[in-house]
Amino acid sequence: MTDVTIVMGIETSCDETGVGFVRDGVLLGDALASSIDEHVLFGGVVPEIAARAHVQAMVPTMRTALEDAGLEWHQVGAVAVTAGPGLATALHVGVAAAKATALALGVPLYGVHHLAGHAAADTLVHGPLPERSIVLIVSGGHTSLLAVDDLVRTPIVHLSDTLDDAAGEAFDKVARLLGLPYPGGPSIDRVSADGDPTAIRFTRPLMGQRDPALGFSFSGLKSAVARYVAAPRDPGVSVADIAASFQECVADTVVTKAIRACRQEGVDTLVIVGGVAANSRVRSLAEQRCAEAGIELRVPPMRLCTDNGAMIAAIGDLLVRDGARPSVPELGARSSVPLELAQLQPL
């Protein structure tokens, strides 16, 4: 009989093909294939190229993940897949692969929300989330503060979302302004190590008394960097200084607002997830500020911060253990959908 506790997760929302296997909150194995090298020439992700890369990488990545987990196909008891949000063409590849796999194995299928997967990634390392927590999602497409009671049983409350550019998007755009390679997050993090974060005091966005207390906006910060780069400047200020000052501004902003959300909601656990959670300054500043505020900080290892199949298997595992009903056969990809519940409902 099929072991229903082993969940396979498939992630294809952007440029990474991820497959993972989770059983009872334990990551058994995973694999990841990235098409990022194909997008570098364009300075960003090209949806059609990403979709084609997912098609080519899907079966090899499945096999590698299965081997890493030491499993046979007949042991897989359920399949979870990112059904949204993300690039439509990329999502369709993952959903189609998940449907085919579930049908071939005769197991249930669960279409899940990409951001719920990011939050679930932390449970693979630190165990179940507490009864109440604040989750800060900082990635290329999202910068959000969420109030979470239970990832799969109760609605997730959005305390704030970015009004324009997400933090990761701002990293990519600023890196381009500074002549640094794509993706911008790792490039700026690397260059900033040799820079002075106090060289330029970029204004912290939406920190005024009349601004929304938990609001995010990074378009203005990107423009401020562009103006600084275009104007005559002190020759003593290097590209590394500009990068470090920008990075400090982003880290200070997101960490300040995350701790503010914890205090506002009376919560003593902060979880930071998403690609920007891999940023060294975001992590170190969060550790410092949370320690000072008496808040428990939970951040997954860097490899689980960026998109991966393990996080989708993790949220699928939580749904299966909670007895959630499988998704309908008509499950489709949804490029834009707010995070309210971990499992995406049909339109």
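For the structure, check the block above.
Attention in this report is confined to the structure presented alongside it. (Residues numbered from 1 in each chain as written. Predicted model: local features only at pLDDT ≥ 70, side-chain atom pairs only at ≥ 80, totals over all residues. Heavy atoms only, no water.)

A closer look at the packing of helix α8 (residues 219–230) against helix α9 (residues 239–265)
Heads up, the condition is: Here, axes are lines fitted to C-alpha atoms. For helices the fit covers the stretch in contact, and angles between N-to-C directions go from 0 to 180 degrees. Strands are runs of DSSP state E lasting at least 2 residues, helices are runs of H or I lasting at least 4, and numbering of each runs from the N terminus. Angle categories: roughly parallel below 35 degrees, roughly antiparallel above 145, roughly perpendicular from 65 to 115, and oblique for all the rest. Rotating anticlockwise by less than a right angle from the far helix to the near helix defines a left-handed crossing, while the corresponding clockwise rotation defines a right-handed one. The contact definition used throughout considers only heavy atoms, calling two residues in contact when any of these lie within 4.5 Å. When residues are grouped by polarity, Ala, Val, Leu, Ile, Met, Phe, Trp, Tyr, Cys and Pro land in nonpolar, Asp, Glu, Lys and Arg in charged, and all others, Gly among them, in polar.
Viewed as axis vectors pointing N to C, α8 and α9 meet at an angle of 160°, and their least axial separation amounts to 11 Å. If you check the angle between α8 and α9, you find them roughly antiparallel. Note that α8 runs across α9; the crossing there is right-handed. The segment α8 lies against α9, with Leu-221, Val-225, Tyr-228 and Val-229 engaging Ile-242, Phe-246, Cys-249 and Val-250. Of the residues assigned to the contact of α8 with α9, the class counts are 8 nonpolar, no polar and no charged.

Remarks on the packing of α9 against helix α10 (residues 280–293)
At a minimum axis separation of 9 Å, α9 and α10 run at an interaxial angle of 35°. Relative to α10, the crossing made by α9 is right-handed. Residues Gln-247, Glu-248, Ala-251, Asp-252, Val-255, Thr-256, Ile-259 and Arg-263 of α9 touch α10, and the partners they reach there are Arg-281, Val-282, Leu-285, Ala-286, Arg-289, Cys-290 and Ala-293. Grouping the constituent residues of the contact of α9 with α10 by class yields 8 nonpolar, 2 polar and 5 charged.

Quick look at the sheet that holds strand β7 (residues 143–148)
As a reminder of what qualifies: For two strands to pair, DSSP has to find at least two bridges joining them.
Here 5 strands make up an open sheet; going across it, the order is β8-β7-β6-β9-β10 and the pairing mixed. Because the sheet does not close on itself, it has two edges, and the strands there are β8 (157–161) and β10 (296–298). Adjacent strand axes in the sheet meet at a mean angle of 20° when their direction is disregarded. In terms of strand pairing, strand β9 (residues 269–273) meets β10 through 3 bridges, oriented parallel. Across the sheet, the residue bridging to Val-271 is Arg-298, located in β10. The sheet strands contacting α10 are β9 and β10, and the helix crosses β10 at an angle near 160°.

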